[in-house]
Amino acid sequence: MSLTSRRRFLHTAGFAGASVLLGLPARTSWAARSGAAKRLRLVFFTDVHAHPDGGVPTAMTQAATAINAKHPDLVIGGGDLIYDGFEVPAAVAEPQWDVYMQMHRAIRAPVEPILGNHDLVGVRPVDKSAPSIDPRAAFREKFGLDRTWRVIDAEGTRFFLLDSVEISDDDLMYHGGISSEQLGWLEAELGRTDTDTPIVVATHIPLLSAIPQATKGAITPLEANHLVVNNREVLERFADHNLVLVLQGHLHAEEMLRWQGTTFITGGAVCGNKWKGPKYGTPEGFGVLTLRPDRVDWEYTTYGWNARGA
Ligand SMILES: [Fe+2]
């Protein structure tokens, strides 16, 4: 396909003006090991980084409208819902939460959010105010949750929604990691899960990704905040189960990997490069999945907001 016809193809696929998307798989479909018991339409949006300034609330309203237009049965929010709570006190994070919750409530389908590193509040406030004694409290309270990880079932598919953030004392301030408490919980839940049941894992910090190598160089060492450090401990617990899909955020680019029968999708970002345009060629957008008995469809779609024109 020539460059010109490829651009035209992407244009007709719904990415008007997004020539940065050359090479991006706008839509793809693959055979799943067993697939969902019934058809399930799923939206996976991640990395919203909500804040009340500029055109961001307008963009988020557009994103919610575009999500509703996909008529999902279930929506998963992949974390980093607010711009940043980690380095600010609760009073500064609250207007960000207000903007995010407007989008959350505008989505008609059930929305199941997971925690991102920026959704922790008051861990290390730059204004030197007192750190929070419970940085996950705001997330739990906003969504009425007892804890920041859980399992849900939808149309025969079981979803493991993980908390992949571990606060650290070093300069990184947090690492990607699944706590030993969660690993114990995972084992117990998997013990109650039939080995044929289709499973989807959602995690803010990826379990697997080639984006760091692609962008920093093949043998550049990873930092502990790029990926989940104990990813193998997590994945080996699913070895005897039907792990169809892992949905990941954090890196703000769209990517798909296949490893040992599981498809790993890094789902771009609603905010693109924190509301400054595309990141690594991925524009502001979200993913749409259809889980069928014998296959899975994936599409990354924009929602009509362009930071460069805002
Ligand atoms: Fe993010």
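First, a word on what this report is: a plain description of the structure on this page. (Residues numbered from 1 in each chain as written. Predicted model: local features only at pLDDT ≥ 70, side-chain atom pairs only at ≥ 80, totals over all residues. Heavy atoms only, no water.)

Concerning the coordination of the iron ion
Okay, step 1: In this structure, Asp47 (OD), His49 (NE2), Asp80 (OD) and His252 (NE2) serve as the protein donors to the iron ion, at separations of 2.1 to 2.3 Å.
Okay, step 2: Between the four donor atoms coordinating the iron ion, the angles at the centre fall across 83 to 175 degrees, so the site counts as irregular.
Okay, step 3: Each donor residue of the iron ion belongs to the same chain, with the gaps between them written as D-x1-H-x30-D-x171-H.
Okay, step 4: Given the relative accessible area of 0%, Asp47 is considered buried.
Okay, step 5: Judged by its relative accessible area of 0%, His49 is buried. (Donors = N, O, S within 2.8 Å, 3.2 Å for Na, K, Ca; no water. Tetrahedral: all angles 85-135°; square planar, octahedral: opposite > 155°, others 65-115°. Buried < 20%, exposed > 50% of the residue type's maximum accessible area, 1.4 Å probe, protein only.)

Details of the sheet that holds strand S6 (residues 157–161)
Okay, step 1: With mixed pairing, the six strands of this open sheet are ordered in space as S5-S6-S9-S10-S12-S11. If you trace the sheet from one side to the other, it starts and ends with strand S5 (150–154) and strand S11 (254–259), each paired once. Each adjacent strand pair in this sheet contributes to an overall mean axis angle of 20 degrees, direction not counted.
Okay, step 2: As judged from the five bridges shared by S5 and S6, these two strands associate in the antiparallel manner. (Pairing = 2+ DSSP bridges. Helix = DSSP H or I, 4+ residues; strand = E, 2+ residues; numbered from the N terminus. Axes fitted to C-alpha atoms, helices over the stretch in contact; angles between N-to-C directions.)

Observations regarding the sheet that holds strand S4 (residues 111–113)
Neighbouring strands of a sheet are bound in pairs by backbone hydrogen bonds; such pairs are parallel or else antiparallel.
Okay, step 1: Reading across the sheet, the six strands line up as S1-S14-S13-S2-S3-S4 and stay open at both edges, with mixed pairing between neighbours. Each having just a single partner strand, strand S1 (27–31) and S4 make up the two edges of the open sheet. Strand-to-strand twist across the sheet, computed as the mean angle between neighbouring axes with direction ignored, equals 20 degrees.
Okay, step 2: Of the strand pairs in this sheet, strand S3 (residues 74–77) and S4 are connected by three bridges, and their pairing is parallel. Counted as the bridge partner of Gly77 is Pro113 from S4.
Okay, step 3: On top of the sheet, helix H2 (residues 56–69) reaches strand S2 (40–45), S3 and strand S13 (285–291); it is set at about 15 degrees to S13, its chief contact. (Contact = heavy atoms within 4.5 Å.)

Section: the pattern of salt bridges
Okay, step 1: This structure, assessed with the given rule, holds eleven salt bridges.
Okay, step 2: Between Lys142 and Glu94 there is a salt bridge; the shortest N-O distance is 2.4 Å. You can see Lys142 sitting in helix H4 (residues 137–143) and its partner Glu94 sitting in helix H3 (residues 90–106), a full 48 residues away along the chain.
Okay, step 3: Judged by relative accessible area, which is 31%, Glu94 ranks as partly exposed.
Okay, step 4: Note that Arg150 and Glu112 form a salt bridge whose closest N and O atoms lie 3.0 Å from each other. A residue pair is termed long-range when its members are at least 10 positions apart, and Arg150 in strand S5 and Glu112 in strand S4 qualify at 38 residues. (Salt bridge = Lys/Arg side-chain N within 4 Å of Asp/Glu carboxyl O.)

Here's the deal with the packing of aromatic side chains
Okay, step 1: Throughout the structure, instances matching the rule amount to seven aromatic pairs.
Okay, step 2: An angle of 70 degrees between the planes, with centres 5.8 Å apart, marks the rings of Phe160 and Trp185 as edge-to-face. Taken as a pair, Phe160 in strand S6 and Trp185 in helix H5 (residues 180–191) lie far apart in primary sequence, 25 residues in all. Like Phe160, the residue Trp185 is buried in the burial classification.
Okay, step 3: Centroid distance Trp275 to Trp305: 5.2 Å. Interplanar angle 80 degrees. Geometry classified as edge-to-face. Taken together, the residues Trp275 in the loop between strand S12 (262–267) and S13 and Trp305 in the segment after strand S14 (295–302) connect sequence positions 30 residues apart.
Okay, step 4: What makes Trp275 buried here is its relative accessible area of 9%.
Okay, step 5: Following the ring pairs from residue to residue traces out a cluster consisting of Trp97, Tyr100, Phe139 and Phe143. (Phe/Tyr/Trp six-rings, centres within 6.5 Å; stacked < 30°, edge-to-face > 60°.)

A closer look at the packing of H2 against H3
Okay, step 1: At a minimum axis distance of 9 Å, the contact between H2 and H3 shows a crossing angle of 20 degrees. Taken together, the axis directions place H2 and H3 in an arrangement best described as roughly parallel. For the pair H2 and H3, the crossing hand works out as right-handed. Between H2 and H3, the contacting residues are Pro57, Met60, Ala63, Ala64, Ile67 and Asn68 on the first element and Val99, Tyr100, Met103 and Ala106 on the second.
Okay, step 2: Residue composition of the contact of H2 with H3, grouped by class: nine nonpolar, one polar and no charged. (Parallel < 35°, antiparallel > 145°, perpendicular 65-115°, else oblique. Left-handed = near helix turned anticlockwise from the far one by under 90°. Nonpolar A, V, L, I, M, F, W, Y, C, P; charged D, E, K, R; others polar.)

Examining the environment of Lys274
Okay, step 1: In this fold, Lys274 is placed in the loop between S12 and S13.
Okay, step 2: Expressed as a C-alpha distance, the spacing of Lys274 and Glu284, which sit ten residues apart in the sequence, is 9.1 Å.
Okay, step 3: Every residue in contact with Lys274, bar those within four places of it in the chain, is listed here: His49, Tyr83, His118 and His252.

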